[in-house]
Amino acid sequence: MNAAASFYSPVQAIAGVVIRELYRRKDFYVLFVLTALITLVLGSVNFFNEDKIVRYLKEICLFLIWVSSLVIAITTAARQIPAERENRTLFPLLAKPVTRHHVVLGKFFGCWYASGLCLVVFYFFFAVISGAREHAWPIVNYFQCFTLHWFMLGVVTALALLGSIVFAAPSSNNTITFVTVTTILLLARHLNKMALSLNEPLQTLVYTFYFGIPHLELFDVRDLIVHDWAAIPWLVWLGALGYATVYAGIFLAATCYAFRQKSVN
Amino acid sequence: MRAALLVVAAFCLSTWLEPWFQHWRRSGSGDVITIALGDSRKLFASHFYDKADAYFHNGYYPSIYDTKAEGELHMASGMAGPSEEHEKEMDFLGKPKDWIDAFSRHFYPSVHSHLGEEECKESKHGDKQHHEEHQTAAGLEREMLPWLKLAATLDPERPETYVVASFWLTQKLKKMDEAEHFLREGLRANPGSYEILYEMGRIAYEHRKDASRARNLWVLALDNFRKADEATQDSKLLLHCQLLSSLAKLEQEQKNNAEAIRYFTELKKYSPFKDQVQAWIDYLK
C-alpha cells in the first residue's frame, strides 16, 4: 500500500502541473468559445418556421467537440517532454525520487485528466443546448458518450506522448498523430471490407493491420446520440473501455521503454 | 490633417467601389457561394441531399465502402413504410465479418429504421425498444429539412430537392405555406420545372382543395414535360404517369368524363397496369 502511494505521489504531482498548465493556456478557452459561438449561430437559423429541429445542431456541436478535444489532447501531450527538455527542467525533474517512468505516467495522467476536464465543460454545454431544444435529457447516453470519448483520448494522449519521444519536434509529432488518428477514425471500420476484396498475400497483410491498430472509431458514438438511439449495453461499454485501456497501456509501455533508451540531453 | 486625408481617401474609394458593386450585382455574380465554391457546390449539394436521406434512416446509411442501391433515394420515393425490396437494399452490412466488426456494431446505427416509425425491428441490443421514447413523437421528419434547405441553397437547379422537402413539409408537418414558398423559390431557380409544378398542383388539389388551380398547374406541367427531350421523358416515366393519372382523377371528380377518358387513354400507353386503366375508361364510358 505504501509502495503504491509512494509510486503514485510523484505521478500525481507531475499530473497536477500539467493540469495547471492547461488552464493557464488559452487553447481551451479559444476552442470552447469558437464551438459555443458556431453552435449558437447555427442554432439561431430558422428552417421552415420549425423550431424543434435539433439533430443537425447536435451533429455539428459534437463534431466541433471532437475536433477541439483532439486538438487539445494531441497538442498538450506532444509538447510536454520536448518542452521540459528545451527548458532544461527535465534534469531537476528527474532528480531522485522521480524516475523516467514517473515522468511519463505523470505527463500522461496530467494530459488525460486535463482532456477530461475540457470534455466535462464541452459535454455540459452540449447537454444544455440539446436539452433546451428537444426537451429530453438522456443522461445515461451522454455519460456513455463522454466516457468512451475520454478513454479514446487516453489512447490518443499515449500515442502523442510516444511520438514526442520518437519524433524530433512537437510540430512533426502533432501532424503525424493528427493524420494517424484521423485516418483511423475515417478508415479503420472499412479496412476489413477492403481486405476481403484484395488478393493474397495483400489480404492477410491488410487484415493483420486491421486487427493490430487501435480501433478509435469504436468510441465515436456521435451517430447514436444525434439520432436518439438507445444506450449501449453496459458490458459492451465496459469492454470498449477495457480495449482503450489495453492500447493506452501498450503505448505507455512503449513510451517508457523509448524514454529510458533515449539520452536526456 | 490626417483625418481630412482619410476622409478624402475614403470618399475616393467609395466612388470607385459603388459602381463596381452595382456592376457586380447586375452581372448576376452576387451569389457568394457560387463564387467561393464554383461547380463544386453541386457536389456538396449532392452530399447534403444524401445526408437528408441518412437522417431519414436514423443514421443507418451505407458509406462509400458499402454497396449502395442505384436510383432514387428512399426519402424521395415518398413511402416511409418498409418494403421487402428496400429492406434487401438496405441490408448493406450483412453478417459481421469478424469479432471487431460484430463488436463495433454496438457503437453506430446498425439497424434499418426510418424517421418517425413507431415500431422498429429487432434491435441490435437484443430488445425491441431501441429508440428512445421521444423517437416515437410525430413530425420527426423535420430533422431532414436543414440538409434539404442547404442542398437547395448550394444547388438551386436541382428540382427534386424542393419536391422532396415539400412532400415532407405537407404530408407529415402540415406546413403548406412553407412548402409552397419553398416550391416557388425552386420554380424561380428552375423556370417551368414540371416536377415542381406537379408538386404545387398536388398541394393545391390535396391540401388547398382548389381543383381549378391544381388543373392549371398540372396542365402546365404536362405541357412542359412534353417539350422536354425524349431521353428526359423516358427517365421520368413515373412522373408522366402521375401527371396523367392525377389529371384524369381530377377531371373525373369534376364530372368532365370526356377529358378524364382522354387522360386515361394517354396514360394507358405508358402505364404497366394497362388492364386497370382500360377498366377505368370502360367505367367512365
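Before any of the text, the structure's been laid out above.
Here's what I pulled together on the structure shown here. Just so it is clear, the model here is predicted, and its values are computed rather than measured. One numbering rule holds for all chains: residues counted from 1, following each sequence as written. Chain letters and ligand numbers both follow the written order, the letters beginning at A and the numbers at 1. Predicted model: local features are reported for residues with pLDDT of at least 70 only, side-chain atom pairs are reported and counted for 80 or more only, and whole-chain, interface and lining totals are derived from all residues. The basis for every side-chain value is the complete set of heavy atoms in the structure, and neither hydrogens nor water enter the calculation.

Another point: the packing of helix H12 (residues 237-253) of chain B against helix H13 (residues 257-270) of chain B. Residue and element names in this part refer to chain B. Between H12 and H13, the shortest axis-to-axis distance is 8 Å and the interhelical angle comes to 160°. Between H12 and H13, the interaxial angle falls into the category roughly antiparallel. For the pair H12 and H13, the sense of crossing is left-handed. Between H12, through Leu237, His240, Cys241, Leu244, Ser245, Leu247, Ala248, Glu251 and Gln252, and H13, the contact on the second element is made entirely by Asn257, Glu259, Ala260, Tyr263, Phe264, Glu266, Leu267 and Tyr270. Each residue is assigned to one class: nonpolar for Ala, Val, Leu, Ile, Met, Phe, Trp, Tyr, Cys and Pro, charged for Asp, Glu, Lys and Arg, and polar for all the others, Gly among them. Split by residue class, the contact of H12 with H13 holds 10 nonpolar, four polar and three charged. Orientation is described by lines fitted to C-alpha atoms, with helices fitted over the stretch in contact, and by angles between N-to-C directions that extend from 0 to 180 degrees. Only DSSP runs of H or I covering at least 4 residues are called helices, and only runs of E covering at least 2 are called strands; the numbering of each starts at the N terminus. Comment on the angle field: the value is read as roughly parallel under 35 degrees, roughly antiparallel over 145, roughly perpendicular from 65 to 115, and oblique elsewhere. Whether a crossing is left-handed or right-handed is set by the direction in which the near helix is turned from the far one by less than a right angle, anticlockwise for left-handed and clockwise for right-handed. We call two residues in contact whenever any of their non-hydrogen atoms come within 4.5 Å of each other.

Residue-level contacts link 40 residues of chain B with 42 residues of chain A. Using a 1.4 Å probe, buried area is obtained as the accessible area two parts lose upon being combined, added over both of them. Its largest share of buried area at the contact with chain A, chain B owes to Tyr65(B), Ile100(B) and Phe107(B), together 19% of the area lost on that side. Glu59(A) is the salt-bridge partner of Lys51(B), the closest N and O atoms lying 2.5 Å from each other. Among the secondary structure elements, those contributing two or more residues to the side of chain B that touches chain A are helix H3 (40-56), helix H5 (99-104), helix H6 (145-154) and helix H8 (176-189) of chain B. Counting residues per element, the side of chain B that touches chain A draws most heavily on H5(B), which supplies five residues. Considered class by class, the residues forming the side of chain B that touches chain A number 17 nonpolar, 11 polar and 12 charged. Here, a salt bridge means any side-chain nitrogen of Lys or Arg that lies within 4 Å of a carboxyl oxygen of Asp or Glu.

For Phe, Tyr and Trp, rings pair up if their centres lie within 6.5 Å, where Trp contributes its six-membered ring, and each pair is then called stacked (planes under 30 degrees apart), edge-to-face (over 60) or tilted (otherwise). Within the structure shown, the criterion is met by 38 aromatic pairs over all chains. With a centroid separation of 6.0 Å and an interplanar angle of 80°, the aromatic rings of Tyr123(A) and Phe146(A) are classed as edge-to-face. Within this pair, whereas Tyr123(A) is found in helix H5 (residues 100-134), its partner Phe146(A) is found in helix H6 (residues 139-166), the two being separated by 23 residues in sequence. Note on accessibility: Tyr123(A) and Phe146(A) belong to one class, buried. Their ring planes at 45° and their centres at 5.2 Å tell us that Phe56(B) and Trp168(B) sit as a pair that is tilted. Of this pair, Phe56(B) sits in helix H3 while Trp168(B) sits in helix H7 (residues 159-171), placing them 112 residues apart in sequence. Overall, the relative accessible area of 0% leaves Phe56(B) in the buried class. Buried, partly exposed and exposed residues are distinguished by accessible area as a fraction of the type maximum, computed with a 1.4 Å probe on protein chains only: under 20%, between the cut-offs, and over 50%, respectively. Accessibility expressed as a relative area gives 1% for Trp168(B), which makes it buried. Here a set of aromatic residues connected by ring pairs shows up, and it is made of Phe108(A), Phe109(A), Trp112(A), Tyr113(A), Tyr123(A), Phe126(A), Tyr142(A), Phe146(A), Trp150(A) and Phe151(A). It is Arg222(A) that lies over the ring of Trp66(A); its NZ or CZ is 5.4 Å from the centre. Here, over-ring charges are defined by two tests on the NZ atom of lysine or the CZ atom of arginine: distance to the ring centre within 6 Å, and angle to the ring normal within 35 degrees.

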